[in-house]
Amino acid sequence: MTSSQENGKISMATDGMNYAPAPMPQPVVEPGDFTFSVAALDHGHIFGMTAGLVGAGATLKSVWDPDPAKVEMFKNLFPDVEVAHSEEEVLADDDVKLVAGAAITSERAPLGLRVIAAGKDYFTDKAPLTTMEQLAAVREATARTGQKYAVYYSERIHVEAAVLAGQLVEQGAIGRVIQVLGMGPHRLNAPSRPAWFFNKEQYGGILCDIGSHNFEQMLYFTGAKDATVTDANIANYAHPDYPELDDFGDAHIVMDNGASGYVRVDWFTPDGLSTWGDGRTVLLGTEGYIELRKYANIATDEGPGHVFLVDGKGEHHFNATGKVGYPFFGELILDCLNRTENAMTQEHALKAAELAVTAQAKARILAP
């Protein structure tokens, strides 16, 4: 296989077979065609969520949070946004078709249910909920109203290496995907974290929280619709000052199509790493495998976005950075306008959340 770059695209060709990423996504609507607002700024993911929607052509109207400092930080990045006086003002605005939010994790579902009750679609940070009771309420509300409860599973939808891997899998580059291995180490930097981050009832636990990214990827890359959590573990190995923090978690699932998945997440990123976490995903296929080094190719100056592909023709390395973009956001906008499910189905988004909550609840507590 050889690779080349032309007009911002990666082309990959091997004897008689071509792999070509989709063109870089462009705005899907004109200014004013799709208006959204933001409510709840408790997690920094809201900046990426907002930027993704704006980049796809959406018009940002207003922002609300009870903390003026958070609103000011948001306004520094999006200076044209109006500052709403209350959540109720946002929900009552007929111009607003979707509300994006990154509330405290345990408050994301209640906010979403209020958004849906106001007749608007909702786009929440992950994890989208923390309990089975919340999951049941969200499923009931979305089924009854037809409104969307979209989820920002950023480690796939907002990472170009993962976008490219999805395109390669879809084109058959490694055959049938039979196992997904996901590793999500993060840097803790405890002094910078808010108090709710260390309260398990509020953040949901490590498998519910950052593990949700990985459960979503297991379903997506294998094409599975359902799965069973067969084993899960959590621990607090090294942070006794924060007794409700899980600083380690892992889980194994078996999917309804026979594929399996394993996730390991932790808060042990060493200070010497050049970024916040060495997130990696390995996709094992019947005809090859793909490894994603999403945020760093360690001990090099090559930056993020690495896709390694091994198939019957050889070993191949591609850097997806700036090459494939983030089609999810435009697809979500069009889904909201057309009432379709091309960005991510509702059942998929909530099934990933279900697996995360289930794994957390079933997890064995390992001795420190």
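Predicted, not measured: the structure shown is a model, and the values here were computed from it.

Overview of the confidence of the model for the chain
- Residues of the chain with pLDDT of at least 70 account for 95%, and the chain-wide mean is 95.
- The low-confidence segment residues 1-10, where pLDDT is below 50, has 30 contacts with residues more than four positions distant or belonging to other chains.
- Ignoring residues within four places in sequence, the model shows residues 13-17, a span with pLDDT below 50, making seven contacts including any to other chains.

Digging into helix α5 (residues 132-145)
- Here α5 spans 20 Å end to end across 14 residues, near enough to the 20 Å set by a 1.5 Å rise per residue.
- Among all positions of α5, only Q134, L135, V138, A141 and T142 are buried. Viewed end-on, α5 has its buried residues packed into an arc of 135 degrees, placing them on one side of the element. Across α5 from its buried face, at more than 90 degrees, point the exposed residues E133, A143 and R144.
- Summarising the contacts, the buried residues of α5 are in contact with α4 (108-117), β9 (149-152) and α11 (346-362).
- Trailing α5 by a residue or two, G146 shows a phi angle of about 80 degrees, which is positive.

Notes on a nonpolar patch on the surface
- Nonpolar side chains collect at one region of the surface, where V28, L334 and L337 lie side by side and expose about 190 Å² of accessible area between them.
- If you trace the backbone, L337 turns up in helix α10 (residues 327-338).

Digging into the pattern of salt bridges
- Counted according to the given criterion, the structure contains 19 salt bridges.
- Across the pair E291 and R280 runs a salt bridge, and its minimum N-O distance is 3.0 Å. Residue E291 is located in strand β15 (residues 288-293), and its partner R280 is located in strand β14 (residues 280-285); the two are separated by 11 residues in the primary sequence. Each member of the pair E291 and R280 is classed as buried.

Comments concerning the nonpolar core
- The biggest cluster of nonpolar side chains holds 109 residues, and the ones touching the most others in it are F123 and I290.
- Among the elements that make up this core, the one with the highest residue count is α11 (eight residues).
- What I290 contacts, discounting residues up to four positions off in sequence, is A165, L168, V169, I174, T281, V282, L283, V307, F308 and L309.

A look at the sheet that holds strand β18 (residues 364-365)
- Read across the open sheet, the nine strands follow the order β17-β16-β15-β14-β10-β13-β12-β11-β18; overall the sheet is mixed. Whereas interior strands pair on both sides, the edge strands pair on one side only; in this sheet they are β17 (314-319) and β18.
- Bridge count between strand β10 (residues 177-185) and strand β13 (residues 260-266): seven bridges; the pairing is parallel. Counterpart to M183 in the pairing with β13 is R264.
- In this fold helix α7 (residues 160-170) packs onto β10, β14, β15, β16 (306-311) and β17, with an angle of close to 165 degrees to the strand it touches most, β15.
- Its contacts with the sheet place α11 against β11 (227-235), β12 (248-255) and β18, and it is angled at close to 50 degrees to β11.

What to know about the sheet that holds strand β8 (residues 121-125)
- With parallel pairing, six strands are arranged side by side in an open sheet as β6-β5-β4-β7-β8-β9. Whereas interior strands pair on both sides, the edge strands pair on one side only; in this sheet they are β6 (82-83) and β9.
- In terms of strand pairing, strand β5 (residues 59-64) meets β6 through two bridges, oriented parallel. Across the sheet, the residue bridging to V63 is V83, located in β6.
- The strands touched by α4 within the sheet are β4 (35-41), β7 (98-102), β8 and β9, with β8 carrying the most contacts at an inclination of about 165 degrees.

Some thoughts on the environment of T124
- Within the secondary structure, T124 is located in strand β8.
- Overall, the relative accessible area of 0% leaves T124 in the buried class.
- The residues touching T124, leaving out its near neighbours within four places in the chain, are M49, G101, R108, Y149, A150, V151 and Y152.
- Polar contacts involving the side chain of T124 include one to the side chain of Y122, which spans 3.4 Å.

Observations concerning the packing of α5 against α11
- Across the interface, α5 lies against α11 with an axial gap of 10 Å and an inter-helix angle of 170 degrees. One way to sum up the angle between α5 and α11 is to call them roughly antiparallel. Across from M132, L135, V138, R139 and T142 in α5, the residues of α11 making contact are Q346, E347, L350, K351, E354, V357 and T358.
- Taken together, the residues of the contact of α5 with α11 break down into five nonpolar, three polar and four charged.

Re the packing of aromatic side chains
- Within the structure shown, the criterion is met by 15 aromatic pairs.
- With a centroid separation of 5.0 Å and 85 degrees between ring planes, the pair formed by F197 and F198 is classed as edge-to-face.
- Classification of F197 by relative accessible area gives buried; the value is 6%.
- Residues F328 and F329 carry aromatic rings whose centres are separated by 5.5 Å and whose planes lie at 90 degrees to one another, so their mutual orientation is edge-to-face.

Cut-offs and rules
- Residues numbered from 1 in each chain as written.
- Predicted model: local features only at pLDDT ≥ 70, side-chain atom pairs only at ≥ 80, totals over all residues.
- Heavy atoms only, no water.
- pLDDT = per-residue confidence, 0-100.
- Contact = heavy atoms within 4.5 Å.
- Helix = DSSP H or I, 4+ residues; strand = E, 2+ residues; numbered from the N terminus.
- Expected span 1.5 Å × (residues − 1).
- Buried < 20%, exposed > 50% of the residue type's maximum accessible area, 1.4 Å probe, protein only.
- Arc of directions from axis to C-beta.
- Patch = residues over 30% accessible without salt bridge, like charges linked within 9 Å, V, L, I, M, F, W, Y side chains within 5 Å.
- Areas by Shrake-Rupley, 256 points an atom, 1.4 Å probe, with all protein chains shown as cover.
- Salt bridge = Lys/Arg side-chain N within 4 Å of Asp/Glu carboxyl O.
- Core = buried A, V, L, I, M, F, W, Y, C linked by side-chain atoms within 4.5 Å.
- Pairing = 2+ DSSP bridges.
- Axes fitted to C-alpha atoms, helices over the stretch in contact; angles between N-to-C directions.
- Polar contact = N/O pair within 3.5 Å; in protein donor to acceptor, adjacent residues only side chain to side chain.
- Parallel < 35°, antiparallel > 145°, perpendicular 65-115°, else oblique.
- Nonpolar A, V, L, I, M, F, W, Y, C, P; charged D, E, K, R; others polar.
- Phe/Tyr/Trp six-rings, centres within 6.5 Å; stacked < 30°, edge-to-face > 60°.

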